[in-house]
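Inside the fold
The chain contents come next:
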Amino acid sequence: MVSPPPAARSAAPVNVKGARVLVVEARYYDDIADELLAGATEAIEAAEAEGVVVTVPGALEIPAAIAILVEEAARAGQPYDAAVALGCVIRGETGHYDIVAGESARALMDLSVLGRLPLGNGILTVETMEQALARARVSEMNKGAGAAEAALSVLALKRAAAAAPVGED
Ligand SMILES: Nc1c(NC[C@H](O)[C@H](O)[C@H](O)CO)[nH]c(=O)[nH]c1=O
Ligand SMILES: CC(=O)[C@@H](O)COP(=O)(O)O
């Protein structure tokens, strides 16, 4: 079995102190957004990283916002080290749910992999508001924190790999 590098095993993000983290939240449901943002913000602060929060109307706008803002920050010499997407998609009467949920997830995955960008996807895709609240609430599943911690963990792995490229003793 191939073990991941030490940083990848760490439950708590390591060596991400001072990282700049872009948080793009979709405020389609304000109460849900409040909880997701609170959880993500707490996790970023606990890692002694810096969060920059930007708001868009819906989940479909999140990937483009991240792509635009990450590129502009790099051009300005203040690059983001990681990104977190926060939102909530609740199924309605039509197939639009599949578009919003699927396309936002697909675009975020492409941004992360193709851009080598540590990115946590905290866009809830649920059937009911009750399911959304249980997953968003900091006091319950706290998925906003989970998304931030996931992004920071990949950033820690990226930084560890850059410091000691895989295969070097
Ligand atoms: N139904 C939900 C949406 N729909 C809006 C889209 O995200 C987008 O803003 C619109 O299609 C204009 O481009 N967005 C959510 O975040 N959550 C939903 O449940
Ligand atoms: C996820 C959605 O886009 C959904 O809220 C829209 O509702 P509907 O499918 O009833 O138009």
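Let me sum up the structure you'll find in this document. This structure is a prediction, so every number in the text was calculated from the model and none was measured.

Residues in contact with ligand 1, as listed here, are Y28, Y29, G58, A59, L60, E61, C88, V89, I90, H96 and V100. Between ligand 1 and A59 there is a distance of 2.8 Å, counted from an oxygen atom to a backbone nitrogen or oxygen. Across the complex, the protein chains shield 75% of the 440 Å² of accessible surface that ligand 1 would expose by itself. Within the residue set of the shell around ligand 1, elements represented by two or more residues are strand 3 (82–90) and helix 4 (96–115).

Among the 8 residues of strand 4 (residues 119–126), 6 are classified as buried, and the element is accordingly described as predominantly covered. As paired elements, strand 3 and strand 4 share 8 bridges and run parallel to each other. When the sheet's bridge partners are listed, L86 is paired in strand 4 with G122. For the segment spanning strand 3, helix 4 and strand 4, crossover handedness is right-handed.

Residues in close proximity to ligand 2 include V89, I90, G92, E93, T94, H96, Y97 and V100, which together make up its full environment. One nitrogen or oxygen atom from the main chain of E93 is found 2.7 Å from an oxygen atom belonging to ligand 2. In the environment of ligand 2, an oxygen atom lies 2.7 Å from a nitrogen or oxygen atom belonging to the side chain of H96. Compared with its free state, where it exposes 330 Å², ligand 2 has 74% of that area covered by protein. Mapped onto the shell around ligand 2, the elements with two or more residues apiece are strand 3 and helix 4. Top contributing element to the shell around ligand 2 by residue count: helix 4, with 3 residues. Residues that form the shell around ligand 2 fall into these classes: 4 nonpolar, 3 polar and 1 charged.

A few words on the nonpolar core. Soluble globular proteins tend to bury their nonpolar side chains together. Formed by 28 residues in total, the largest nonpolar core has its most connected members in V21, V84, L86 and L124. Of all the secondary structure elements, the ones that give two or more residues to this core are strand 1 (20–26), helix 2 (30–46), strand 3, strand 4, helix 5 (129–136) and helix 6 (143–163). Examining the composition of this core, we find that 7 residues originate from one element, helix 6, more than from any other. If we skip the residues at most four places from it in the chain, V84 touches V21, L22, V23, V24, G120, A147, A148 and A151. A73, Y80, A85 and Y97 belong to the second-largest nonpolar core, a separate cluster that totals 20 residues.

Further remarks concern the packing of helix 2 against helix 5. Their axes nearest at 9 Å, the elements helix 2 and helix 5 cross at an angle of 20°. Put simply, helix 2 runs roughly parallel to helix 5. The way helix 2 lies across helix 5 gives a crossing that is left-handed. Together, I32, E35 and L36 of helix 2 and M129, A132, L133 and A136 of helix 5 make up the contact between the two elements.

Procedures and definitions
The written sequence of each chain sets the order in which its residues are numbered from 1. Lettering for chains starts from A, numbering for ligands starts from 1, and both go in the order in which the items are written. Whole-chain, interface and lining totals are the exception, using all residues; otherwise, since this is a predicted model, local features are given only for residues with pLDDT of at least 70 and side-chain atom pairs are given and counted only at 80 or more. Think of the side-chain values as coming from all heavy atoms in the structure, minus any hydrogens and water. Proximity criterion: a residue is near a molecule or strand once any of its heavy atoms comes within 4 Å of it. In protein, a polar contact means a hydrogen-donor-capable atom and an acceptor-capable atom, both N or O and within 3.5 Å, with residues adjacent in sequence counting only if both atoms are side-chain atoms; elsewhere, any N or O pair within 3.5 Å suffices. Here the open area of atoms and residues is found with the Shrake-Rupley method and a 1.4 Å probe, where only the protein chains shown may cover a residue. Only DSSP runs of H or I covering at least 4 residues are called helices, and only runs of E covering at least 2 are called strands; the numbering of each starts at the N terminus. In this scheme, a residue with accessible area under 20% of its type's maximum is buried, one over 50% is exposed, and one in between is partly exposed, where area comes from a 1.4 Å probe on protein chains only. At least two DSSP bridges between two strands are needed for those strands to be called paired. Crossover handedness is defined here as right-handed if the route from the first strand over the helix to the second strand goes clockwise, with the strands pointing away from the viewer. Put simply, Ala, Val, Leu, Ile, Met, Phe, Trp, Tyr, Cys and Pro go in the nonpolar bin, Asp, Glu, Lys and Arg in the charged bin, and everything else, Gly too, in the polar bin. Put simply, buried Ala, Val, Leu, Ile, Met, Phe, Trp, Tyr and Cys residues joined by side-chain atoms within 4.5 Å make one nonpolar core. Residues are treated as being in contact if the distance between any of their heavy atoms lies within 4.5 Å. Between N-to-C directions, angles span 0 to 180 degrees; the directions come from axes that are lines fitted to C-alpha atoms, helices contributing only their stretch in contact. Angle categories: roughly parallel below 35 degrees, roughly antiparallel above 145, roughly perpendicular from 65 to 115, and oblique for all the rest. Whether a crossing is left-handed or right-handed is set by the direction in which the near helix is turned from the far one by less than a right angle, anticlockwise for left-handed and clockwise for right-handed.

Don't take any of this as a statement about function, it's just geometry.
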